[in-house]
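What follows is the residue order along each chain.
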Amino acid sequence: MSKVAYLGLGTMGRGMSANLATAGHEVTVWNRTPRDIAELTDMGVRWEPDLGRALAGADYVMYCLSDDRAVRDVVLAAGGVAERADSGSVVIDLSTIDPETSAEEAAAFAARGIRFLDAPVFGSKGEAAAGGLWIVAGGDRTVFDQALDVLKPISETVHYMGAGGNGARMKLVGNLAVAAQLEALGESLTLASKAGLDLRDVLGVFAVTDFRSPIFDGVGSAVLEGDYSPSFALKLMLKDALLVRTFAERLGAPVPGTEATLGTIRKAVDAGWGEENASALIKVLAA
Ligand code: NA7
């Protein structure tokens, strides 16, 4: 079993660190802000307030931080992970960030001979807690194969996408599809409601047809109950839609649907729903 330094105890980090400990790894967690980790200490997770001490002697350094800014602060800034991780560690970034930031990380670690994978995850709070995430990883194949020891305990599937950066690229490709589905669900339910259809019947049809989707099932029923408690915060979906747009612009790929969804997300965030679940964008369409 390995020694894991796990950085970032947000929604995703709590579930991931718990599952790593449950799998038998020796997990030390660090977070910028002190957190109550009583439920994790029961599983053997150790809290370390000092980043340098958390990194010392780790076989793996893993983190799932909010955004590019967080990765810059924790990893790339002076005194960050790229400077202080042990040269023998394997570093795994599970955050959803710009592939260009991921490339900066890869270069910073390569300069010190440290092995690095970009390995963002699909799934949100429930999948993180259940060890059922879907990981998309880029980097050296040998490093990937070795890292399965710590990737499997947190995931249902682990996909090797090829060269470094391809995990970050795949994640944005997938997030385009997630945002499109939420926009489609919101528009469909609003249209159905205005047409006088029973929305439970509508979801019943959505659940069995050839356009069915777990997102329509899970989010659809929560929306009917007015439940927007965050599994994946709307403010993070705004971050992701902006990343998709920048990524697509660089490549000259048209994303008019994402552009429209971005408008919906912005209105929802401006309405004060950024801390709610990403599905809160549907409230804009229903208004
Ligand atoms: P959360 O629950 O918002 O957690 C974010 C984590 O990132 C949390 O540990 C934060 O620490 C940390 N963070 C955020 N900004 C910073 C900075 N500037 N410096 C240090 N640490 C920071 O997000 P999720 O767990 O839902 O999502 C994480 C990623 O997975 C994200 O990319 C999603 O798109 C997918 P804090 O507690 O605020 O000190």
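On a predicted model such as this, the values are computed, not experimentally measured, just so you know.

A. Spotlight on the site of the ligand. Neighbouring the ligand are 20 residues; Met12, Asn31, Thr33, Arg35 and Lys239 lie closest to it. In the environment of the ligand, an oxygen atom lies 2.4 Å from a nitrogen or oxygen atom belonging to the side chain of Thr33. In isolation the ligand exposes 790 Å². Once the protein is present, 87% of that is buried. For the shell around the ligand, the secondary structure elements donating two or more residues are α1 (11-22), α4 (68-76) and α12 (234-251). Along the lines of polarity and charge, the residues of the shell around the ligand split into eight nonpolar, seven polar and five charged.

B. Molecular detail of the packing of α12 against helix α13 (residues 256-273). Between α12 and α13, the least distance of the axes is 10 Å, while the angle of their chain directions is 150°. It follows that α12 is roughly antiparallel to α13 by the angle criterion. Taken as a pair, α12 and α13 cross one another with a handedness that is left-handed. When α12 is examined against α13, the residues Leu234, Met237, Leu238, Ala241, Leu242, Val244 and Arg245 are found in contact with a partner set consisting of Thr258, Glu259, Leu262, Ile265, Arg266, Ala268, Val269 and Trp273. Of the residues assigned to the contact of α12 with α13, the class counts are eleven nonpolar, one polar and three charged.

C. Region of interest: the pairing of strand β4 (residues 60-63). Burial along β4 is two-sided: Tyr60 and Met62 and Val61 and Tyr63, pointing in opposite directions, are all buried. Bridge count between strand β1 (residues 3-7) and β4: four bridges; the pairing is parallel. Within the sheet, the bridge partner assigned to Leu7 lies in β4 and is Tyr63. Where β4 meets strand β5 (residues 90-93), four bridges bridge the pair, whose relative direction is parallel.

D. Region of interest: the pairing of β5. Of the two faces of β5, the one carrying Val90 and Ile92 and the one carrying Val91 and Asp93 are both buried. Pairing between β5 and strand β6 (residues 115-118): four bridges, direction parallel. Residue Val90 lies in a different strand from β6, and its bridge partner there is Arg115. Between the parallel elements β5 and β6, the chain passes through helix α6 (residues 99-111) in a crossover that is right-handed.

Rules used throughout
Residues numbered from 1 in each chain as written. Predicted model: local features only at pLDDT ≥ 70, side-chain atom pairs only at ≥ 80, totals over all residues. Heavy atoms only, no water. Near = heavy atom within 4 Å. Polar contact = N/O pair within 3.5 Å; in protein donor to acceptor, adjacent residues only side chain to side chain. Areas by Shrake-Rupley, 256 points an atom, 1.4 Å probe, with all protein chains shown as cover. Helix = DSSP H or I, 4+ residues; strand = E, 2+ residues; numbered from the N terminus. Nonpolar A, V, L, I, M, F, W, Y, C, P; charged D, E, K, R; others polar. Axes fitted to C-alpha atoms, helices over the stretch in contact; angles between N-to-C directions. Parallel < 35°, antiparallel > 145°, perpendicular 65-115°, else oblique. Left-handed = near helix turned anticlockwise from the far one by under 90°. Contact = heavy atoms within 4.5 Å. Buried < 20%, exposed > 50% of the residue type's maximum accessible area, 1.4 Å probe, protein only. Pairing = 2+ DSSP bridges. Right-handed = clockwise from strand over helix to strand, strands pointing away.

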